[in-house]
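Notes for the structure review
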Amino acid sequence: MSDFDQMGIIVDWVDACRKGDLATLLDLYADDAQLECTCHGTRRYRGRNEIKAYWQPRLSAFSSAGFGLEEIHPAPHGVDLEYSVAGALRIQASFRFSPDGKIRSTLCEPAPQNAHDGCCAC
């Protein structure tokens with residue numbers, strides 16, 4: 001069992017995304033963190049500089065379109081989250097942590113979209 005609040009870290013992650021706060025978001029990641037995104041084909045980003053390059057253009061779009069927390073729950077080795085952008089596009093993200101309480105890895109992928117929301121815009 002970890003001695004840090006994994007759920008609290010992800011709530012801070014959501015808050016940083018809502019505010020478009022790149023510096024705070026990056027501070028939540030370990031220096032050697034990895035992010036894998038399968039929303040537009042599989043892409044991998046390693047280290048804070050690549051993660052910054054991934055998030056920088058997305059954060060302003062997310063914060064202006066609206067970033068919503070849909071579901072959050074503990075997972076066997078971390079936290080799973082589902083969030084929405086502009087109230088419709090839904091994304092699933094799984095987070096794993098380093099022993100010192102930083103995000104070590106993130107895997108994001110499109111979540112099943114609600115039929116009434118229309119086609120996935122990802």
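Residues numbered from 1 in each chain as written. Predicted model: local features only at pLDDT ≥ 70, side-chain atom pairs only at ≥ 80, totals over all residues. Heavy atoms only, no water.

1. Description of the overall build of the protein
The condition is simple: Comment: elements are numbered from the N terminus, with helices defined as DSSP H or I runs of at least four residues and strands as E runs of at least two. Throughout this description, buried means an accessible area under 20% of the type-specific maximum (1.4 Å probe, protein chains only), exposed means over 50%, and partly exposed covers the range between. Should any heavy atoms of two residues lie within 4.5 Å, those residues are counted as being in contact. Accessibility throughout is a Shrake-Rupley quantity obtained with a 1.4 Å probe, and a residue counts as covered only by protein chains that appear here.
Scanning the protein from N- to C-terminus turns up three helices and six strands. Taken from N to C terminus, the helices and strands of the protein fall in the order α-α-β-β-α-β-β-β-β. For the protein, the residues scored as buried account for 37% of the 122 residues in total. Residue pairs at least 24 apart in sequence account for 43% of intrachain contacts in the protein once pairs closer than 6 positions are excluded. For the protein, the accessible area works out to roughly 6,700 Å², and carbon and sulfur atoms hold 48% of it.

2. So, helix H1 (residues 6-19)
Formally: To estimate the expected span of a helix, count its residues, drop one, and scale the result by 1.5 Å. It is the directions from the helix axis to the C-beta atoms whose arc is reported. Polar contact is the term for a pair of N or O atoms within 3.5 Å; when the atoms are in protein, one must be able to donate a hydrogen and the other to accept it, and sequence-neighboring residues count only if both atoms are side-chain atoms.
When the terminal C-alpha atoms of H1 are compared, their 20 Å separation across 14 residues agrees well with the 20 Å that a helix rising 1.5 Å per residue should span. Those residues of H1 not exposed but buried are Ile9, Ile10, Trp13, Val14, Ala16 and Cys17. One side of H1 holds all its buried residues, which, seen down the axis, span an arc of 160 degrees. Of the residues that open H1, the one with a side-chain oxygen 3.3 Å from the backbone nitrogen of Met7 is Asp5. Downstream of H1 by a residue or two, Gly20 has a phi angle that is positive, lying close to 70 degrees.

3. Comments concerning the confidence of the model for the protein
The predicted coordinates should not be examined in detail at positions where pLDDT is low. Operational definition: pLDDT is a per-residue confidence score from the predictor, ranging from 0 to 100.
The predicted model of the protein averages 86 in pLDDT, with 89% of residues at 70 or higher. Here residues 115-122 scores under 50 on pLDDT; set against residues more than four positions off or in separate chains, the count is ten contacts.

4. Quick word on the sheet that holds strand E6 (residues 103-110)
The cut-off we apply is this: Following DSSP output, two strands are said to pair if at least two bridges run between them. Helix axes are fitted only over the stretch in contact, all axes being lines through C-alpha atoms; the angle between N-to-C directions runs from 0 to 180 degrees.
Within the open sheet, the six strands sit side by side as E2-E1-E6-E5-E4-E3. Their pairing is mixed. Single-partner strands in this sheet number two, and they are strand E2 (43-46) and strand E3 (67-75). Strand-to-strand twist across the sheet, computed as the mean angle between neighbouring axes with direction ignored, equals 15 degrees. Bridge count for strand E1 (residues 29-37) against E2 is four bridges, and the pairing is antiparallel. In the sheet register, Cys37 faces E2, and the bridge partner there is Arg43. Packing of H1 onto the sheet brings it into contact with E1, E3, strand E4 (78-85), strand E5 (89-97) and E6, and relative to E3 it is tilted by some 165 degrees.

5. Let's talk about the nonpolar core
What tends to happen in soluble globular proteins is that the nonpolar side chains get buried as a cluster. Keep this limit in mind: Throughout this description, the term nonpolar core refers to a set of buried Ala, Val, Leu, Ile, Met, Phe, Trp, Tyr and Cys residues connected via side-chain atoms within 4.5 Å.
In this structure, Trp13, Tyr29, Trp55, Tyr83, Phe95 and Ile103 are the most contacted members of the largest nonpolar core, which totals 34 residues. Ranked by residue count, the leading element in this core is H1, at six residues. Other than its neighbours up to four places away in sequence, Tyr83 contacts Trp13, Trp55, Phe62, Phe67, Gly68, Glu70, Leu89, Arg90, Ile91 and Ala93.

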